[in-house]
Amino acid sequence: EDKVVQSPLSLVVHEGDTVTLNCSYEVTNFRSLLWYKQEKKAPTFLFMLTSSGIEKKSGRLSSILDKKELFSILNITATQTGDSAIYLCAGDSGGGADGLTFGKGTHLIIQP
Amino acid sequence: NAGVTQTPKFRILKIGQSMTLQCTQDMNHNYMYWYRQDPGMGLKLIYYSVGAGITDKGEVPNGYNVSRSTTEDFPLRLELAAPSQTSVYFCASSYSVGLNSGANVLTFGAGSRLTVL
């Protein structure tokens, strides 16, 4: 059974801090790893990672994949209160529409 | 573009009642999904569809039914509501290049919060 484990499950930091969120995976026929940000409503797409060692970056957010050690990290620098959200990662087995396995999410709270 | 639209946003049901959660997308996506999200449990796949007329069970299908008569619409039916179905439900869609290709990037609806008392 495919498994995606995120850590920590919750994290409280102060504005301006840098945070690192972790995602480890055991996914059969792994194809890609996806990160989503979920504020009060729908998860919104952040990154899709398919290749090891290549950093994807969007503003203060960045992510990298390690296919040898089966994990990914999501970094957020100079955090702002608007970064408060649940961050979800999902492993895609590419085996069809039911190939995504989601982790439980990391609940990040940024205090002013 | 509206993207993925779900209705209703909130609903309270009594045990044994039935209801349908509506989902429509205007992106011409072939894949559509229903997930449920319980606190601290991530997203669990209920049902999915790879195209009009084709549906299949996900990880937690019991107590639910779906249909996909058009590319745009993917309603989720609860026949006999139970307290265990209290959850937030998300509809999502994606475009994939073939029936056996991966899910790719999902676009989610805003969610429907259902409480069964």
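These numbers were taken from a predicted model, which means no experiment stands behind them.

Calculation notes
- Residues numbered from 1 in each chain as written.
- Chains lettered and ligands numbered in written order.
- Predicted model: local features only at pLDDT ≥ 70, side-chain atom pairs only at ≥ 80, totals over all residues.
- Heavy atoms only, no water.
- Pairing = 2+ DSSP bridges.
- Helix = DSSP H or I, 4+ residues; strand = E, 2+ residues; numbered from the N terminus.
- Axes fitted to C-alpha atoms, helices over the stretch in contact; angles between N-to-C directions.
- Contact = heavy atoms within 4.5 Å.
- Buried area = accessible area lost by both parts, 1.4 Å probe.
- Salt bridge = Lys/Arg side-chain N within 4 Å of Asp/Glu carboxyl O.
- Polar contact = N/O pair within 3.5 Å; in protein donor to acceptor, adjacent residues only side chain to side chain.
- Buried < 20%, exposed > 50% of the residue type's maximum accessible area, 1.4 Å probe, protein only.
- Disulfide = S-S within 2.5 Å.

J.: Hey, could you go over the sheet that holds strand S8 (residues 71-76) of chain A for me, with residue numbers and the actual values?
T.: All names here are of chain A. If you trace the 5 strands from one edge of the open sheet to the other, you get S1-S3-S8-S7-S6, paired in antiparallel fashion. Each edge of the open sheet is held by one strand with a lone partner, namely strand S1 (3-7) and strand S6 (56-58). Between one strand and the next, the sheet's axes are offset by a mean angle of 15°, whatever the strand orientation. When S6 meets strand S7 (residues 61-66), the two strands line up antiparallel, connected through 3 bridges. Note that in S7 the partner of Lys-57 across the bridge is Ser-62.

J.: Lay out the interface of chain A and chain B in plain terms, naming residues and giving numbers.
T.: It is common to report an interface's size as the accessible area lost on association of the parts. Taken residue by residue, the interface counts 20 residues in chain A and 22 residues in chain B. Summing both partners gives a buried area of about 1,700 Å² for chain A against chain B, and 62% of it is carried by carbon and sulfur. Ranking the residues of chain A by area buried against chain B places Ala-97, Phe-102 and Lys-104 of chain A at the top, with a combined share of 30%. Counting across the interface, chain A meets chain B through 0 salt bridges. In this assembly, chain A and chain B are joined by 2 residue pairs in polar contact (both at pLDDT 80 or more). When contributions to the side of chain A that touches chain B are tallied by element, the ones reaching two or more residues are strand S4 (32-38), strand S5 (43-49), strand S9 (85-92) and strand S10 (100-102) of chain A.

J.: Break down the side chain of Ser-72 of chain A for me, citing the residues and quoting the values.
T.: Residues and elements named next belong to chain A. If you trace the backbone, Ser-72 turns up in strand S8. For Ser-72, a relative accessible area of 0% puts it in the buried group. Polar side-chain contacts of Ser-72 include one of 2.8 Å to the backbone oxygen of Ile-64. In this structure Ser-72 touches Leu-21, Asn-22, Cys-23, Leu-33, Trp-35, Leu-49, Ser-63, Ile-64 and Leu-65, once residues within four positions along its chain are discounted.

J.: How would you sum up the state of the cysteines? Please name residues and give values.
T.: Enumeration according to the criterion identifies 2 disulfides over all chains in this entry. Between the sulfur atoms of Cys-23 of chain A and its disulfide partner Cys-89 of chain A the distance amounts to 1.9 Å. On the S-S bond that ties Cys-23 of chain A to Cys-89 of chain A, the torsion sits near 70°, and the link is right-handed. Taken together, the positions of Cys-23 of chain A in strand S3 (residues 19-26) and Cys-89 of chain A in strand S9 put the pair 66 residues apart, joining distant regions of the chain. Exposure class is identical for Cys-23 of chain A and Cys-89 of chain A. Each is buried. Shown here is the disulfide that connects Cys-23 of chain B with Cys-91 of chain B, its sulfur atoms set 1.9 Å apart. A torsion of -75° about the S-S bond marks the disulfide between Cys-23 of chain B and Cys-91 of chain B as left-handed.

J.: I'd like to hear about the pairing of strand S5 (residues 43-51) of chain B, residue by residue, with values.
T.: Residues and elements named next belong to chain B. The buried fraction of S5 is high, at 8 of 9 residues. Inspection of the sheet shows strand S4 (residues 31-37) paired to S5 by 6 bridges, in the antiparallel sense. Residue pairing in the sheet places Tyr-33 in a bridge with Tyr-48 of S5. With 3 bridges joining them, S5 and strand S6 (residues 54-57) adopt antiparallel strand pairing. Paired with Gly-51 across the two strands is Ile-54, which belongs to S6.

J.: Lay out the pattern of salt bridges in plain terms, naming residues and giving numbers.
T.: Residue and element names in this part refer to chain B. Per the counting criterion, the structure on display carries 6 salt bridges over all chains. Here Asp-38 and Arg-36 are joined by a salt bridge, their closest N and O atoms 3.1 Å apart. Note that Arg-77 and Glu-79 form a salt bridge whose closest N and O atoms lie 3.2 Å from each other. Given a relative accessible area of 38%, Glu-79 falls into the partly exposed group.

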